[in-house]
Amino acid sequence: MALYKTDALVVRARDYGEADKILTLFSREFGRIQAIAKGVRKPKSRLRGGVQLFSYSNFLLHKGKSLDTVTQVEQRESFLWLMEDLERLTHATYMAELLGAALWENEEGQEIFLLTLTCFYLMQSLEPKLVARCFEFRLMQLMGYKPQTETCVVCNGQVSGEKRQFSCDLGGVLCPRCRHQDHQSIEVSGGALAVVNQLLKMDLRKLDRLRISPQLGGELERLSRQFLTTKLEKRFKSLDFLSKL
Ligand SMILES: [Zn+2]
């Protein structure tokens, strides 16, 4: 397979040498690809249009030892709106970083690819924070970490009530008897966990109908961050930046 074609999102692009760019692509068929686009920063480069950050393009690549080479590219969607304001840009960058960590250990590339593409589209009209929460919980689900919200993650007993203990380490709520199983469990409201279930189940085309109060939004953000951090065992650079926005 010297030459191959794939649809991919540009999730990272950095300048290299005089006029080249090194790209991290997230492709539909092959997961993560590192590629070089030669001469792309020259004004007349034919590749220019399709290799910008967050572009969704059809790539013709030449397989290399460590880096593949972009031979042709045809842009399908520029996702320009992700570049046009700081909040969208920061959230898209954060999602791209999450992908970097998720794909590393995940085989279900295709579904994660479609999720990312959908969320990039949704960010055109919806609040980036809402889309990011949806992306986080669905990504966790696709990675096999679906949070258990209604039955105890240790004994499977029913857990109800407005205040529940959630163990990020064990991946779900704890009943009062099993609470001691994780001393770092956090308190989460039944309302927040109900939204998590909705985010996981709902038709994403209806995401605009979901109304979340700022308080509930804050709670969901804390939960998803802690859950992600625990599960991925990694602090993301952009998390610190996002919390300052
Ligand atoms: Zn229990």
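Attention here is on the structure that accompanies the text.

Cut-off values and rules
Sequence order as written defines the numbering, with residues in each chain counted from 1. It should be noted that, the model being predicted, local features are given only for residues of pLDDT at least 70 and side-chain atom pairs only at 80 or more, the latter also being counted only at that level, while totals for whole chains, interfaces and linings use all residues. The nonpolar core criterion groups buried Ala, Val, Leu, Ile, Met, Phe, Trp, Tyr and Cys residues into a set whenever they are joined through C-beta atoms within 7 Å. The burial criterion counts other C-beta atoms lying within 10 Å of a residue's C-beta, which is placed from the backbone; the residue is buried at 20 or more, exposed at 12 or fewer, and partly exposed between these limits. Working definition: helices are DSSP H or I runs of at least four residues, strands are E runs of at least two. Numbering for both runs from the N terminus. Domain start and end points were adopted from an automatic or database domain assignment. Contacts here follow a simple rule: the backbone-placed C-beta atoms of the two residues must lie within 7 Å. For two strands to pair, DSSP has to find at least two bridges joining them. Helix axes are fitted only over the stretch in contact, all axes being lines through C-alpha atoms; the angle between N-to-C directions runs from 0 to 180 degrees. Handedness of a crossing follows from how the near helix is turned relative to the far one, being left-handed for an anticlockwise turn of less than a right angle and right-handed for a clockwise one.

1. Examining the nonpolar core
Counting 62 residues, the largest nonpolar core has Leu25 and Met95 as its most contacted members. Ranked by the residues each element gives to this core, the list is headed by helix 4 (residues 128-142), at 8 residues. Here this core spans two domains, and each of domain 1 (3-77) and domain 2 (81-243) adds at least three residues to it. Discounting chain neighbours no more than four positions away, the residues touching Met95 are Thr116, Cys119, Ala132 and Phe135.

2. Re the sheet that holds strand 3 (residues 31-37)
Strand order around the closed barrel formed by 5 strands is 1-2-3-5-4, with mixed pairing between neighbours. Adjacent strand axes in the sheet meet at a mean angle of 50°, parallel and antiparallel pairs treated alike.

3. Focus: the pairing of strand 5 (residues 68-77)
By the bridge criterion, 2 bridges tie strand 3 to strand 5 in an arrangement that is parallel. If you follow Ala35 over to strand 5, its bridge partner there is Asp68. In this structure, strand 4 (residues 56-62) lies alongside strand 5, joined through 7 bridges in antiparallel fashion. If you follow Leu60 over to strand 5, its bridge partner there is Gln72. What sits between strand 4 and strand 5 in their antiparallel hairpin is a turn of 5 residues.

4. Focus: the packing of helix 4 against helix 6 (residues 214-232)
In contact at an axis separation of 10 Å, helix 4 and helix 6 are set at 35° when each is read in the N-to-C sense. In this structure, helix 4 meets helix 6 at a crossing whose hand is left-handed. For the pair helix 4 and helix 6, the contacting residues are Lys129, Arg133, Glu136, Phe137 and Met140 in the first and Gly217, Leu220, Glu221, Ser224, Phe227, Leu228 and Lys231 in the second.

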